[in-house]
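As a plain string of letters, each chain reads:
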Amino acid sequence: MQPLEIQATLDDLHDKYRPLQAGTLATYIPELALMNPESFSICIVTADGQCFKVGDFQQLFTIQSISKVFVYGLALAEHGREKVLAKVGVEPTGDAFNAIILDEKSKRPYNPMVNAGAIAITSLTKGKDPTERWKRMVSMFERYIGHETVVDAPTFRSERATGHRNRAMAHLMLNFGMIDEKIDDALDLYFQQCSLAIDCVDLAVMAATLSNQGRNPFTGVQAVPSCYIRDILSVIYTCGMYNFAGEWAYKVGLPAKSGVSGGLLVVVPGRMGIGIFSPLLDERGNSVRGVKVSEEISQRFGLHLFDCNHQETS
Ligand code: GLN
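Residues numbered from 1 in each chain as written. Predicted model: local features only at pLDDT ≥ 70, side-chain atom pairs only at ≥ 80, totals over all residues. Heavy atoms only, no water.

**Concerning the overall build of the chain**
Helix and strand content of the chain: 13 helices and seven strands. Taken against the 2.2 N^0.38 rule, which gives 20 Å for 314 residues, the C-alpha radius of gyration of the chain at 18 Å falls within 12% of a compact globule. With respect to the principal axes defined by its C-alpha atoms, the chain has extents near 55 × 40 × 35 Å. When burial is assessed residue by residue, the chain has 56% of its 314 residues classed as buried. If you take every contact in the chain between residues at least 6 apart in sequence, the share linking residues at least 24 apart comes to 69%. Within the chain, the 35 negative side-chain charges are centred at a point lying 5 Å from the centre of the 30 positive side-chain charges. (Helix = DSSP H or I, 4+ residues; strand = E, 2+ residues; numbered from the N terminus. Rg over C-alpha atoms; globule rule 2.2 N^0.38 Å. Buried < 20%, exposed > 50% of the residue type's maximum accessible area, 1.4 Å probe, protein only. Contact = heavy atoms within 4.5 Å. Lys, Arg positive; Asp, Glu negative; His and termini not counted. Charge placed at Lys NZ, Arg CZ, Asp CG, Glu CD.)

Below, the structure is given as structure tokens:
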């Protein structure tokens, strides 16, 4: 893949899918309902630090569920594989991301990419008080992004005011002793992580860091111990696209995670990270243009992990 070919492909895909108006904005809070449905950007960052971008890639949006990927990495780094696995499983659910269900037998949430699992993972963040825990979390995100970031305060306030379903999940897990009593602190931390403002380039740099064994290709900073990259990528490969994860794995064949504000993070292990932002969502909560663009990038560049020919298939 030559640099000119990558940029030409991004330009072409942006032109091709810009007219696609299918899908709807998330409306559960006003801040998401007010997003511009026309917003559309694609960015690729290679593991050796080349950056290709098209569209309104400086447009900020809230990271939402994509944050779950990185907070899972933080929990693994802070507690190790065994303890994290004892709290949250690694099974895809086939249910919606906000389903209020736990594994019948173990009482664990099914995986860290559904809301219940993500809240349980967030509750594991170390620190003596909420401020210290948030600081740890933010500095983790900044290792991936490579610069300072802020929380979008209106989004945070709305998430917190309306997050009754997430509260219900936290109470259910408290009932089974799967998280500790400070559920309001855990939920605030979860709403804060979801409200982090990033742009499409940040998203691609974060994906590239995951593709590069946890090392940010621009700053050289190790964002997460490399031994946990396989855990993170396996979980997002099987659970990252909600109840579309199976079809995604079959068609695109790359670890990925979407968020309800329209961000989509795709990792090509060892090679590159892809960030796509377009807020019109399909019925499962995935970006419509994001899914289309990913399918084409995977196909055109032969990126499907199990495509042994590494060439275009029909
Ligand atoms: N803040 C959202 C929630 O907790 C994140 C969900 C998402 O992006 N799918 O419901």
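**Thoughts on the nonpolar core**
By size, the foremost hydrophobic cluster in this structure holds 72 residues, and its most contacted members are Phe70, Phe141, Tyr144, Leu210 and Leu265. If near-sequence neighbours (up to four positions away) are discounted, tyrosine 144 is found in contact with Phe70, Val205, Met206, Thr209, Leu210, Asn216, Ala223, Val224 and Ile232. One finds Ile44, Phe244, Val293 and Ile297 within the second-largest nonpolar core, a separate group that totals 27 residues. (Core = buried A, V, L, I, M, F, W, Y, C linked by side-chain atoms within 4.5 Å.)

**Description of the pairing of strand β2 (residues 51-55)**
Every other side chain in a regular strand lies on the same face of the sheet, so the side chains alternate between the two faces. Pairing between strand β1 (residues 41-46) and β2: five bridges, direction antiparallel. Looking at β2, one finds that isoleucine 44 is bridged to phenylalanine 52. Turn length for the β1-β2 hairpin, with the two strands adjacent in sequence and antiparallel, is four residues, and the turn residue glycine 49 shows positive phi of about 90°. (Pairing = 2+ DSSP bridges.)

**Section: the site of the ligand**
Around the ligand, the neighbouring residues are Tyr28, Gln64, Ser65, Phe97, Asn115, Glu159, Asn166, Tyr190, Cys194, Tyr242, Gly259 and Val260. Between tyrosine 190 and the ligand, the recorded distance is 2.7 Å, taken from a side-chain N or O atom to an oxygen atom. Note that an oxygen atom of the ligand is positioned 2.9 Å from one of the backbone N or O atoms of valine 260. Structurally, the ligand is housed in the largest pocket. Split into classes, the residues belonging to the shell around the ligand amount to six nonpolar, five polar and one charged. (Near = heavy atom within 4 Å. Polar contact = N/O pair within 3.5 Å; in protein donor to acceptor, adjacent residues only side chain to side chain. 1 Å grid on protein atoms, 1.4 Å probe; cavity = no way out; pocket = protein on both sides within 12 Å on 5 of 7 lines; lining within 4 Å. Sits in = over half its atoms within 2 Å of the grid points. Nonpolar A, V, L, I, M, F, W, Y, C, P; charged D, E, K, R; others polar.)

**A look at the sheet that holds strand β7 (residues 272-277)**
Reading across from one edge, β2-β1-β7-β6-β5 is the order of the five strands in this open sheet, with antiparallel pairing throughout. A strand with exactly one partner marks an edge of an open sheet, and here the two such strands are β2 and β5 (256-258). Neighbour to neighbour, the strand axes of the sheet diverge by 10° on average, direction disregarded. When strand β6 (residues 263-268) meets β7, the two strands line up antiparallel, connected through six bridges. Looking at the pairing, leucine 265 lines up with glycine 275 of β7. Helix α10 (residues 200-211) rests against β1, β2, β6 and β7 of the sheet, and its axis sits at about 150° to β7. (Axes fitted to C-alpha atoms, helices over the stretch in contact; angles between N-to-C directions.)

**Topic: the layout of surface pockets**
Volume-wise, the largest pocket comes out at about 400 Å³. Looking at the largest pocket, it is lined by 23 residues, and the ones nearest its centre are Tyr28, Phe97, Asn98, Asn115 and Val260. At the level of secondary structure, the elements contributing two or more residues to the lining of the largest pocket comprise α7 (153-162), α8 (164-175) and α9 (183-194). Residue composition of the lining of the largest pocket, by class: nine nonpolar, 11 polar and three charged. (Points joined across faces, edges and corners; volume = space filled by probe spheres on them.)

**Remarks on helix α1 (residues 3-17)**
Compared with the 21 Å implied by 1.5 Å per residue over 15 residues, the 21 Å span of α1 between its first and last C-alpha is a close match. Listed in full, the buried residues belonging to α1 are Ile6, Thr9, Leu10, Leu13, His14 and Tyr17. Within α1, the buried residues cover an arc of 130° as seen down the axis, which keeps them to one side. Residues of α1 that are buried in the fold lie against β1, β2 and α13 (288-300). (Expected span 1.5 Å × (residues − 1). Arc of directions from axis to C-beta.)

**What about helix α3 (residues 67-79)?**
An α-helix turns once per 3.6 residues; consequently, residues spaced three or four apart project the same way. In a regular helix each residue adds 1.5 Å, so 13 residues correspond to 18 Å; α3 covers 18 Å between its end C-alpha atoms and thus fits that length. Looking only at α3, the buried set comprises Ser67, Lys68, Val69, Phe70, Val71, Tyr72, Gly73, Leu74, Ala75, Leu76, Glu78 and His79. Within two residues after α3, glycine 80 carries a phi angle of roughly 85°, on the positive side.

**Thoughts on the environment of histidine 304**
You can see histidine 304 is positioned in the segment after α13. As a C-alpha pair, histidine 304 and asparagine 216 span 88 residues in sequence and 23 Å in three-dimensional space.

**Thoughts on the packing of α3 against helix α5 (residues 115-122)**
It is the contact of α3 with α5, at a shortest axis distance of 9 Å, that shows an interaxial angle of 40°. Here α3 lies oblique to α5, going by the angle between them. For the pair α3 and α5, the crossing hand works out as left-handed. In contact with Lys68, Val71, Tyr72 and Ala75 of α3, α5 contributes Asn115, Ala118, Ile121 and Thr122. Among the residues making up the contact of α3 with α5, the classes are represented as five nonpolar, two polar and one charged. (Parallel < 35°, antiparallel > 145°, perpendicular 65-115°, else oblique. Left-handed = near helix turned anticlockwise from the far one by under 90°.)

Everything listed is a geometric property; what it means functionally is a separate question.
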